[in-house]
Amino acid sequence: MTDDVLIERPDAYPGVEVIRLNRPAKKNAITRAMYAKMAQALNAAASDDAVRATAFLGTEGCFSAGNDMADFMAFAMGGTMGGEVLDFLRALAGAQKPLVSGVDGLAIGVGTTLHLHCDLTIASSRSMFRTPFVDLALVPEAASSLLVPRIAGHQRAFALLAAGEPFTAAQALEAGLIWKIVDAEAIETQALTLAAGLAAKSPEALRIARQLIRGDRADVLARIDEEARHFSAQLKSAEARAAFEAFMRR
Ligand code: COA
């Protein structure tokens, strides 16, 4: 199984499982194998009493550059996208235990939309959130087309998801997409401390509170599937292929 995602259980943070994107040479771009490993970890955590909170982390200066472009290209050229992405998004949206994330630096595509499913996201001030879906002739994913307007209103959702405008950490905070900004060097310890704090609480009370706050997720899961249908069709478009080729050539 790939080491580009590491699953860690740090002794200093009891009850916390870390899902770490660990492909720094490729800016932590996420491949099918990485999605599969993350989905497996989330699904296993659901029935493992030792895991009470999950923390998503990247590497220094980079959370993720989003979906792997070579995988996009392979699909555009007639290959199969595979179910790994959808399996991950469904596991993420359906998670019953608290999710924390820590962002330092780049957060592109799913590197941004993943956090919409997290309960507490912290970011360093040098972080940058960007979803260039339409620039790649693609469409929003991970139910972002439902969740961002809900969280941040139409204008900011359109700026992020359709216009492809980058959001600084301060803009993401103001839009309600993240919880707080912390020093870059404190991202890991603060994210893990937050997760450990949640892990120490009554699991049942926290589960119920989280469920009440988040509400029914049926619409979110349905939107993930609806977006995926459009996304798959657009991936095969001539414009998308040209955008992937331009990235490969640069
Ligand atoms: N998929 C695959 N590889 C990626 C990648 C991605 N999404 N993003 C970056 N990489 C790779 C680059 O190809 C490069 O690999 P190489 O050194 O073997 O050539 C390496 O990561 C470093 O990237 P580079 O572009 O040189 O770094 P940068 O600091 O100049 O720019 C980004 C970083 C993230 C701004 C730029 O790489 C980028 O725009 N990536 C695509 C992001 C994207 O559109 N994702 C899909 C969203 S839906």
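Here we summarise the structure given alongside this text. Keep in mind the model is a prediction, meaning the values are calculated, not measured.

Rules behind the numbers
- Residues numbered from 1 in each chain as written.
- Predicted model: local features only at pLDDT ≥ 70, side-chain atom pairs only at ≥ 80, totals over all residues.
- Heavy atoms only, no water.
- Helix = DSSP H or I, 4+ residues; strand = E, 2+ residues; numbered from the N terminus.
- Expected span 1.5 Å × (residues − 1).
- Buried < 20%, exposed > 50% of the residue type's maximum accessible area, 1.4 Å probe, protein only.
- Arc of directions from axis to C-beta.
- Contact = heavy atoms within 4.5 Å.
- Disulfide = S-S within 2.5 Å.
- Pairing = 2+ DSSP bridges.
- Axes fitted to C-alpha atoms, helices over the stretch in contact; angles between N-to-C directions.
- Core = buried A, V, L, I, M, F, W, Y, C linked by side-chain atoms within 4.5 Å.
- Near = heavy atom within 4 Å.
- Polar contact = N/O pair within 3.5 Å; in protein donor to acceptor, adjacent residues only side chain to side chain.
- Areas by Shrake-Rupley, 256 points an atom, 1.4 Å probe, with all protein chains shown as cover.
- Parallel < 35°, antiparallel > 145°, perpendicular 65-115°, else oblique.
- Left-handed = near helix turned anticlockwise from the far one by under 90°.
- Nonpolar A, V, L, I, M, F, W, Y, C, P; charged D, E, K, R; others polar.

## Here's the deal with helix H10 (residues 218–235)
The end-to-end C-alpha distance of H10, which contains 18 residues, comes to 26 Å, matching closely the 26 Å that a straight helix rising 1.5 Å per residue would cover. Of the residues making up H10, those classed as buried are Val-220, Ile-224, Glu-227, Ala-228, Phe-231 and Leu-235. For H10, the buried positions fall inside an angular range of 115° around the axis, keeping them on one side. Buried residues in H10 make contact with helix H2 (69–76), helix H3 (84–94), helix H5 (144–152) and helix H11 (238–249).

## Observations concerning the state of the cysteines
Taken as a whole and assessed by the stated rule, the structure comprises 0 disulfides. Here Cys-62 is not disulfide-linked; the sulfur of Cys-118 is the nearest cysteine sulfur, at 16 Å. Here Cys-118 falls in the buried class, since its relative accessible area comes to 10%.

## Looking at the sheet that holds strand S4 (residues 62–64)
Pairing within the open sheet is mixed, and its 4 strands lie in the order S4-S6-S8-S9. Of all the strands in the sheet, just S4 and strand S9 (167–168) have a single pairing partner and so form its edges. One ladder, built from 2 bridges, connects strand S8 (residues 128–130) with S9; its direction is antiparallel. By the bridge assignment for S9, Phe-129 is matched with Phe-167.

## Considerations on the sheet that holds strand S10 (residues 180–182)
Strands in a sheet are paired, the pairing made by backbone hydrogen bonds, and the direction either parallel or antiparallel. If you walk across this open sheet you meet the 6 strands as S1-S2-S3-S5-S7-S10, and the pairing is mixed. The open sheet terminates on both sides in strands that have one partner only, identified here as strand S1 (5–8) and S10. Along the sheet, successive strands turn relative to each other by an average axial angle of 20°, direction set aside. In the packing of helix H1 (residues 32–46) onto the sheet, contacts are made with S1, strand S2 (16–21), strand S3 (53–57) and strand S5 (99–103), and the angle to S2 comes to roughly 175°.

## What about the side chain of Thr-31?
Checked against the element boundaries, Thr-31 lands in the loop between S2 and H1. Accessibility expressed as a relative area gives 14% for Thr-31, which makes it buried.

## Some details on the nonpolar core
In terms of nonpolar packing, the biggest core is built from 60 residues, with Met-38, Phe-56, Phe-88, Leu-138 and Phe-244 touching the most fellow members. Once residues lying within four places of it in the same chain are set aside, the contact partners of Leu-138 are Phe-72, Phe-133, Phe-231, Gln-234, Leu-235, Ala-240 and Phe-244. In this structure, Val-16, Leu-57, Val-182 and Leu-192 belong to the second largest nonpolar core, which totals 19 residues.

## Some words on the site of the ligand
What surrounds the ligand is a group of 16 residues, the closest being Lys-26, Ala-65, Asn-67, Met-69 and Arg-250. At a separation of 2.9 Å, a nitrogen atom of the ligand approaches a polar backbone atom of Ala-65. Interatomic distance of 3.0 Å between a backbone N/O atom of Asn-67 and a nitrogen atom of the ligand. Protein coverage of the free-state accessible area of the ligand, which is 860 Å², stands at 66%.

## Examining the packing of H1 against H3
Across the interface, H1 lies against H3 with an axial gap of 8 Å and an inter-helix angle of 30°. Here H3 runs roughly parallel to H1, going by the angle between their axes. The way H1 lies across H3 gives a crossing that is left-handed. Contacts from Arg-32, Tyr-35, Ala-36, Met-38, Ala-39, Leu-42 and Asn-43 of H1 reach H3 at Glu-84, Val-85, Asp-87, Phe-88, Ala-91 and Leu-92. Tallied by class, residues from the contact of H1 with H3 come to 9 nonpolar, 1 polar and 3 charged.

## Quick word on the side chain of Glu-84
Within the secondary structure, Glu-84 is located in helix H3. Among the polar contacts listed, one links the side chain of Glu-84 to the side chain of Arg-32, at a separation of 3.2 Å. Not counting residues within four places of it along the chain, the set of residues in contact with Glu-84 comprises Arg-32, Tyr-35 and Ala-36.

## Here's the deal with the pairing of strand S7 (residues 120–124)
Most of S7 sits inside the fold, with 5 of its 5 residues counted as buried. Going residue by residue along S7, you find Leu-120, Ile-122 and Ser-124 tucked away on one face and Thr-121 and Ala-123 tucked away on the opposite face as well. The pairing of S5 with S7 spans 4 bridges and is classified as parallel. The partner of Ser-101 across the bridge, within S7, is Thr-121. As defined by bridge partners, S7 adjoins S10 across 3 bridges and the pair is classed as parallel. Paired with Ala-123 across the bridge in S10 is Ile-181.

Any functional reading would require information that these geometric values do not contain.
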